[in-house]
Amino acid sequence: MTMINFKRLLLANAVLLAGTFASLAQADDSLVKQGEYISRLGDCGACHTIPGKPAFSGGLAIESNLGTIYSTNITPDKAHGIGNYSEQQFSDAVRKGVLPDGTRLYPAMPYPAYAKITDADMHALYTYFMQGVKASDEQPPETDLSFPFSQRWGMRFWNWAFASDKPFQPIGGATAEVNRGAYLVESLGHCGSCHTPRGLAMNEKALDSSDSAFLSGGSLNGWDVPSLRGLPRWSEQETVEYLATGRNDKAAVGGEMTSVIEHSTSWMTEADLKAISAYLKFIGGNPAAPAAANTAVSATEAKLTAAKNLTPGERLYLDNCGACHFVTGKGAPRIFPELDQATIVNAGDPTGLIHTILAGAQQPSTAKAPSTLVMPGFAGRLSDDEVAQLATFIRQGWSNKAEAVSVDQVKEVRESLKK
């Protein structure tokens, strides 16, 4: 072989190797981006990132019936995070709630749902946390529950009774879109953690749509959490809009769902949002609400319009709420939510409505709805009795038929806001 041919061969091999390395780098970069999207689907940032601290460095205080649980550092830091985890150890922590040293996590980490994450998605997620997240040496507070809840070994028996290691099971006969939605809702989205009722052991009563209890509503920190089965008052497009922006023609987000939309659903692709909406419609379960009683709606609207012989609650509504929600109780589409037939208004427990009146609410800024709309709180303006009167009117005006609100219920919520 001549010297010139040898040089050409070396050059060709160098070009080939460079191309191979470039392809591998592109593949890794693509996998990291995929893993970042998976982390959005799983809403990892909502619990493991707090304002003023590095991303995923933990420290969020999660209030539970057992006590306060603090989220952990899940950055690739080797001393304080998960930098020493193998992919299998990472998978066991996410899917089974078991750390490399055998320590068992509390189900505030939604591993009963994450158990259904596919191997491919788990691999992408691991790649993202190891290669796409900046390591942080932040040391969050240690979770220290009182006895007997401090005995984490007991979670072995809880898992045996209430968790499952079965992979995601597609719904037979359903479309590919519905099954994509089922996978997102039942696994990464872990929607059942809030929207499925819990048993005495704080277990979700169902983990998938094969049980009618799944997504049938629950309670979280005193707030009634609505059923998602069928969403009879919303069209599929209205569900997509709500998840993408925190608002639609009928409602605006409040409570814990605000964080879910800010950190997770507003980042989802249109196709995934449509899949979730299609799945929620597919499982059904809730009958459509009866048509609003036009006479009752008209009577409330007419009395508020005339502004004569008003009850204290009606007067308070006109003075404090009417400018945005109007005498019709319909608000303004995608700006001010409806009060007539609203879930938060008609909830069995009025805590959510009282909390909103006292503390106000703020819609998140998202890519598709960057404007941040704020409802002011009235805690400093209205007494407990006035809030009770106002909330009672709202829950019984137009076609709403919920129970009255007591002064004691308002006092309890006001005290909780001071903590």
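Anything mentioned here points back to the structure above.
The structure displayed is predicted, hence computed values, not measured ones.

Enquirer: Sorry if this is basic, but what is going on with the pairing of strand β2 (residues 67–70) here?
Expert: Successive side chains on a regular strand alternate, one facing one side of the sheet and the next facing the other. Relative to β2, strand β1 (residues 61–64) runs antiparallel, the two sharing four bridges. Opposite Ile62, over in β2, you have Ile69 as the bridge partner. Hairpin connection of β1 to β2: two residues between the antiparallel strands.

Enquirer: Looking at this model, I keep getting lost on the nonpolar core. Mind explaining?
Expert: Soluble, globular proteins show a tendency: their nonpolar side chains are buried together. Ranked by size, the top nonpolar core spans 51 residues in total, and within it Phe90, Phe129, Leu215, Tyr279 and Leu280 carry the most contacts. The set of elements that each furnish at least two residues to this core consists of α1 (3–41), α3 (87–96), α5 (119–131), α7 (176–188), α9 (236–245) and α11 (270–283). Residues in contact with Leu215, not counting those within four places in the same chain, are Val185, Cys191, Gly192, His195, Thr196, Ser227, Leu228, Arg229, Tyr279, Leu280 and Ile283. Counting 24 residues, the second largest nonpolar core, distinct from the first, contains Ile357, Ala388, Ala391 and Trp398.

Enquirer: Honestly, the packing of aromatic side chains in this entry has me stumped. Any pointers?
Expert: The geometry of two aromatic rings is summed up by the distance between their centres and the angle between their planes. Applying the stated criterion across every chain yields a total of twelve aromatic pairs. Taken together, a centroid distance of 4.9 Å and an interplanar angle of 55 degrees make the contact between Trp234 and Tyr242 tilted. Across this residue pair, the class does not change: Trp234 and Tyr242 are buried. Among the aromatic residues, those joined into a ring-pair cluster are Phe56, Phe90, Tyr126, Tyr128 and Phe129. Between the NZ or CZ atom of Arg40 and the centre of the ring of Trp267, over which it lies, the distance is 3.6 Å.

Enquirer: What should I look at first to understand the pattern of salt bridges in this one?
Expert: Two side chains of opposite charge can pair, provided their charged atoms sit close to one another. Using the criterion set out here, one finds 17 salt bridges in the structure. Taking the shortest distance from any N to any O, the salt bridge between Arg315 and Asp319 comes out at 3.8 Å. Pair noted here: Arg315 and Asp319 are both in helix α13 (residues 312–320), with a separation of four residues, about one helical turn. A residue is classified by how much of its surface remains accessible, and Asp319, at 49% relative accessible area, is partly exposed.

Enquirer: What is the right way to read empty space enclosed by the protein from this model?
Expert: Applying the stated criterion across every chain, the model contains two cavities of 30 Å³ or more. Roughly 60 Å³ of internal volume is contained in the largest cavity. In terms of lining, the largest cavity is formed by Pro107, Pro110, Pro112, Trp158, Phe162, Ser193, Arg198, Glu204 and Leu207. Looking at the lining of the largest cavity residue by residue, the classes come out as six nonpolar, one polar and two charged. Of the pockets and cavities examined, the second largest cavity occupies roughly 50 Å³. If you go around the second largest cavity, the residues you meet are Pro112, Ala113, Val185, Glu186, His190, Gly192, Ser193, Glu204, Leu207 and Phe214. Elements supplying a minimum of two residues to the lining of the second largest cavity: α4 (111–114), α7 and α8 (192–195). Looking at the lining of the second largest cavity, its residues break down into five nonpolar, three polar and two charged.

Quick notes on the rules
- Along each chain, the written sequence defines residue order, and numbers are assigned to residues from 1.
- Local features are withheld for residues below a pLDDT of 70 in this predicted model, meaning they are given only at 70 or higher, and side-chain atom pairs are given and counted only at 80 or more; totals for whole chains, interfaces and linings count all residues.
- With hydrogens and water excluded, all non-hydrogen atoms of the structure serve as input to the side-chain values.
- Strands pair, by our definition, only if DSSP identifies at least two bridges between them.
- A run of H or I in DSSP counts as a helix once it spans at least four residues, and a run of E counts as a strand once it spans at least two, with each numbered from the N terminus.
- Joining through side-chain atoms within 4.5 Å is the link that ties buried Ala, Val, Leu, Ile, Met, Phe, Trp, Tyr and Cys residues into a set, and such a set is a nonpolar core.
- Burial here depends on accessible area, computed with a 1.4 Å probe over protein chains only, as a share of the maximum for the residue type. Under 20% is buried, over 50% is exposed, and the range in between is partly exposed.
- It only takes one pair of heavy atoms within 4.5 Å for two residues to be counted as in contact.
- Working definition: a ring pair exists when centres of Phe, Tyr or Trp rings (six-membered ring for Trp) sit within 6.5 Å. Plane angles under 30 degrees give stacked, over 60 give edge-to-face, the rest tilted.
- Note on criteria: charge over ring means Lys NZ or Arg CZ within 6 Å of the ring centre, with the direction from the centre no more than 35 degrees off the ring normal.
- Every case where a carboxyl oxygen of Asp or Glu lies within 4 Å of a side-chain nitrogen of Lys or Arg is listed as a salt bridge.
- The distinction between a cavity and a pocket rests on a 1 Å grid over the protein atoms alone: a 1.4 Å probe fits inside a cavity but cannot get out, while a pocket stays open yet meets protein on both sides within 12 Å along at least five of seven lines, and a residue with an atom within 4 Å of a point counts as lining.
- Grid points are joined across faces, edges and corners, and a volume is the space filled by probe spheres set on the points.
- Throughout, the ten residues Ala, Val, Leu, Ile, Met, Phe, Trp, Tyr, Cys and Pro are labelled nonpolar, Asp, Glu, Lys and Arg are labelled charged, and all others, Gly among them, are labelled polar.

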